[in-house]
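Spelled out, the chains give:
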Amino acid sequence: MSLADLTLDRWRSLEPAAAERLAHEAAAQVGGRVVLLDAVGHLGGILHRVRIEREGREFALVPGGTVRLGFDLDAWEPTPAQAADYAASVEEGYGYGHEDLTSYLADVLSPPRTATLATVLMAVEDEALTASAADMPAALVAHGLRIPGADEWEHACGAGAGTLFRWGNECPLDEPSYGNGRVRHEPNAFGLHIAYDSYGTELSADPTAVHGGDGGEAVCGGYGDLLGWLPLATANRNPYAAEFTYGPDGEGMYEEFSTRPVLSLR
């Protein structure tokens, strides 16, 4: 079995010795070294986490396979606090014309679906763009890297959880969605520092989406507490933020955006 074909279910079933062997195999493929191998509780079981250092960057192993993506609105109900906070935002004229929270989320989140993804190494930290969004893929290729696909980013963030946010369905409405809040800055199940600050704007290979933040639009605009947190939702594609980012107004602001380099495995 190639490393690229390793599935998340298979990875979760491995004994520690087998996981360690595959971790070192992945590191050898990319000319790196394993700097962390541990395990965390995940979805009722254990998930091995691997970090590999290569040329000054740390990458996390993100197992793939056929995975569930998107957010199932039919299986979700907002808390009273979430519904009330969104209603207050609508009263102030926010929510892109959607009178209820469910219709708003249907507009900004990706729908439930499955996708088959390869196992990859993904940068633990996102990095500011060094070129325009159009030129950034070529800049990364020069270092043997690439921009993640939108589905890859979403899977890497949620790690199969299926919840609104990578940590669950709720967010601390009495705390800001930026700064040093603990819930956002803890590594996710794969060991990535991801979806941690609403002022972030991560790009993928999909020009109709941005991830992990909206550049602070909702916070600075006073849209409301929940709308300030929702850019951190795993399935949030932020189509309105993407329109700005890839449009003429965002073209000269590329240093304000980031991406998360990926190393493909074979």
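Note that the structure is predicted; figures quoted are calculated from it, not measured.

Enquirer: Could you clarify how one ought to interpret the nonpolar core in this entry?
Expert: Taken as a class, soluble globular proteins show a tendency for nonpolar side chains to be buried jointly. In terms of nonpolar packing, the biggest core is built from 47 residues, with Trp11, Leu121 and Leu192 touching the most fellow members. It is helix 2 (residues 16-30) that provides the largest number of residues to this core, a total of 6 residues. Setting aside residues up to four positions removed in sequence, Leu121 forms contacts with Ala26, Val30, Ile52, Phe59, Ala60, Leu61, Pro261, Val262, Leu263 and Leu265. Counting residues in each nonpolar core, the second largest holds 23 residues, with Trp76, Tyr86, Val90 and Cys171 among its members.

Enquirer: Help me out: how do you make sense of the pairing of strand 5 (residues 113-117) in this one?
Expert: On a regular strand, one side chain projects to one face of the sheet and the next to the other, so that they alternate. What you see with strand 5 is a clean split: Arg113, Ala115 and Leu117 sit on the buried side and Thr114 and Thr116 on the side with no burial. Summarising the sheet, strand 4 (residues 65-69) and strand 5 pair through 5 bridges and their orientation is antiparallel. The residue of strand 5 that forms the bridge with Arg68 is Thr114.

Enquirer: For this particular structure, what's the right way to read the sheet that holds strand 6 (residues 120-123)?
Expert: Strand pairing in a sheet takes place through backbone hydrogen bonds and is either antiparallel or parallel in direction. Sheet architecture is open: 5 strands sit in the order 1-2-3-6-11, paired in antiparallel fashion. The open sheet terminates on both sides in strands that have one partner only, identified here as strand 1 (33-42) and strand 11 (262-264). Between one strand axis and the next, the sheet turns by 30° as a mean value, whatever way the strands run. As paired elements, strand 3 (residues 57-62) and strand 6 share 4 bridges and run antiparallel to each other. Within strand 6, the position partnered with Leu61 by the bridge is Leu121. On top of the sheet, helix 2 reaches strand 1, strand 2 (45-54), strand 6 and strand 11; it is set at about 25° to strand 2, its chief contact.

Enquirer: I'm lost on the pairing of strand 1 in this one. Help?
Expert: In terms of strand pairing, strand 1 meets strand 2 through 9 bridges, oriented antiparallel. Paired with Ala39 across the two strands is His48, which belongs to strand 2. Following strand 1, the chain reverses through 2 residues before pairing antiparallel with strand 2; Leu43 in that reversal takes a positive phi of roughly 50°.

Enquirer: Got a minute to help me understand the pattern of salt bridges in this structure?
Expert: Close approach of charged atoms allows side chains of opposite charge to pair. Tallying each qualifying case throughout the model produces 14 salt bridges. The shortest N-O distance in the salt bridge between Glu25 and Arg21 comes to 3.9 Å. Here Arg21 and Glu25 lie together in helix 2, a separation of 4 residues that amounts to about one turn. For Glu25, a relative accessible area of 32% puts it in the partly exposed group. For the salt bridge of Arg54 with Glu55, the shortest nitrogen-to-oxygen distance reads 3.8 Å. Taken together, the salt bridges that share partners define one network made up of Arg113, Asp151, Glu154, Asp206 and Arg237.

Enquirer: Help me out: how do you make sense of a negative patch on the surface in this one?
Expert: There is a patch of like negative charges on the surface, built from Glu91, Glu92, Glu99 and Asp100. Among the structural elements, Asp100 can be located in the loop between helix 3 (80-91) and helix 4 (101-108). Taking relative accessible area as the criterion, Asp100 reaches 39% and is therefore assigned partly exposed.

Enquirer: Help me understand the environment of Met122, please; the structure alone is not making it clear to me.
Expert: Along the polypeptide, Met122 turns up in strand 6. For the pair Met122 and Ala150, spaced 28 residues apart in the sequence, the C-alpha separation amounts to 13 Å. With sequence-adjacent residues up to four places away left out, Met122 is seen in contact with Glu58, Phe59, Ala60, Val62, Pro148, Glu152, Trp153, Ala156, Leu192, Arg260, Pro261 and Val262.

Cut-offs and rules
- Residues numbered from 1 in each chain as written.
- Predicted model: local features only at pLDDT ≥ 70, side-chain atom pairs only at ≥ 80, totals over all residues.
- Heavy atoms only, no water.
- Core = buried A, V, L, I, M, F, W, Y, C linked by side-chain atoms within 4.5 Å.
- Buried < 20%, exposed > 50% of the residue type's maximum accessible area, 1.4 Å probe, protein only.
- Helix = DSSP H or I, 4+ residues; strand = E, 2+ residues; numbered from the N terminus.
- Contact = heavy atoms within 4.5 Å.
- Pairing = 2+ DSSP bridges.
- Axes fitted to C-alpha atoms, helices over the stretch in contact; angles between N-to-C directions.
- Salt bridge = Lys/Arg side-chain N within 4 Å of Asp/Glu carboxyl O.
- Patch = residues over 30% accessible without salt bridge, like charges linked within 9 Å, V, L, I, M, F, W, Y side chains within 5 Å.
- Areas by Shrake-Rupley, 256 points an atom, 1.4 Å probe, with all protein chains shown as cover.
- Lys, Arg positive; Asp, Glu negative; His and termini not counted.
- Charge placed at Lys NZ, Arg CZ, Asp CG, Glu CD.

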